[in-house]
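# Understanding the architecture of this molecule
Letter by letter, the chains look like this.
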Amino acid sequence: MADAAELAFQRLVAANPQAVVVGNGTSEHGSSEQQDADAAELAFQRLVAANPDAVVVSVLGASSDPAAVEETLARRVVNDAAVSTWLESKPEMVGAPLPALTPSGWLSNSSTVQALRAGQLLRLEQAFDDACARSVHTALGGLPEEAWSHHASRQPGFQYAHSNIYCSDASRLASACPAYATACRWFEREGLTWFEAAFGCRGRVVVSASWYREGDYSTPHCDLGDLRRVAFVWHLTGEWDERSGGDLVWCSPHRRFAPSFNTLFLFPVHGASHHFVQPVAAGTPRAHRRLAINGWFCCEDEAWEAAVGSAGLSEAAVQMLHTWTQ
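Right, let's walk through the structure included here.

Basis of the calculations
Residues numbered from 1 in each chain as written. Predicted model: local features only at pLDDT ≥ 70, side-chain atom pairs only at ≥ 80, totals over all residues. Heavy atoms only, no water. Phe/Tyr/Trp six-rings, centres within 6.5 Å; stacked < 30°, edge-to-face > 60°. Helix = DSSP H or I, 4+ residues; strand = E, 2+ residues; numbered from the N terminus. Buried < 20%, exposed > 50% of the residue type's maximum accessible area, 1.4 Å probe, protein only.

Attention now goes to the packing of aromatic side chains. Applying the stated criterion across every chain yields a total of 17 aromatic pairs. Relative to tryptophan 194, the ring of tryptophan 106 lies with its centre 5.6 Å away and its plane at 80°, an arrangement referred to as edge-to-face. Here tryptophan 194 lies in helix α8 (residues 178–199) and tryptophan 106 lies in the loop between α4 (81–88) and α5 (110–117), a separation of 88 residues in the sequence. As far as burial versus exposure is concerned, tryptophan 106 and tryptophan 194 are alike and both buried. For the pair phenylalanine 128 and phenylalanine 187, a centre-to-centre distance of 6.2 Å together with 65° between the ring planes defines the contact as edge-to-face. One end of the pair, phenylalanine 128, is in the loop between β1 (122–125) and α6 (130–142); the other, phenylalanine 187, is in helix α8, with 59 residues separating them in the sequence. For phenylalanine 128, a relative accessible area of 2% gives the class buried. You can call phenylalanine 187 buried: its relative accessible area is 1%. Three or more aromatic residues joined by ring pairs form one cluster here, namely Trp106, Phe128, Trp186, Phe187, Trp194, Phe195, Phe199, Phe232, Trp234 and Phe297.

The residue after serine 252, namely proline 253, is reached through a cis peptide bond having omega 0°. Relative to the elements of secondary structure, proline 253 occurs in the loop between β7 (248–250) and β8 (255–257). One non-glycine residue, aspartate 223, lies in the positive phi region at around 75°. With respect to the helices, strands and loops of the structure, aspartate 223 is situated in the loop between β5 (217–221) and β6 (228–236). By relative accessible area, aspartate 223 is classed as buried at 8%. One non-glycine residue, aspartate 226, lies in positive phi territory at about 60°.

No statement about biological role is implied by the geometric values presented.
See the structure below:
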């Protein structure tokens, strides 16, 4: 199904070149190019809405085989050699220690889970304690460029360019950048506990930091594959000029979200969860970093089918959430 969906999407884009958003990072603030990009973005979301079967699959390979997924994730960690090299240099600590990450009321609010079960995108402002969020923001903003690995792809169907930190060496990361390590630990422990209780299935977490520099972007995709069930993006951008782009754009219904501070996005991964990141404009000050901690809560196909089948999902949500597993 994944190959057929990807091919369908590629044909759809090829037949509608005017509806493709290309991230070249060359648009100036307020330029006609930016207006053209906005028009293309709107055309694209209409295109996707009219063709729901044309699914953009994950660049990681969209495998549902556990062994293949683990191999893919292992390659991703190996590819992030930059952070390993940086840690081996025994750098001075970046940022202050953060004993714990404290979420706001969304974690215990039943409406959060109800919205996800209904297939909705959630935008949660002030998602964590402000002091905690500022500690993580300061830590990520203070990491040197050599600690980040730049990932880019120009493969048909999905293109992107951005920097990430995937790190499996938790102890050394905790010594070098303790606030970021604490945040990762929260998603891997407390966050996972919440996900498992919400959907009644055992799972695991993939988490990383992301930094979109000038010219970075991602084209529309829906995150399907690799056992991903619920995606999270915790925005930690400080000072930002909205003319610099970098918006998180939800394709259908069309919504745009400028980079912000301490805002958490949650959404179930399904065939209608198309989204992309608008290019960060050329000339954006390097001190203004579009930062986030993002990833997915994952679980096996069989467990997920059982969970969504017994969780009281709406008929439409069940259909969307089952897009990948059927």
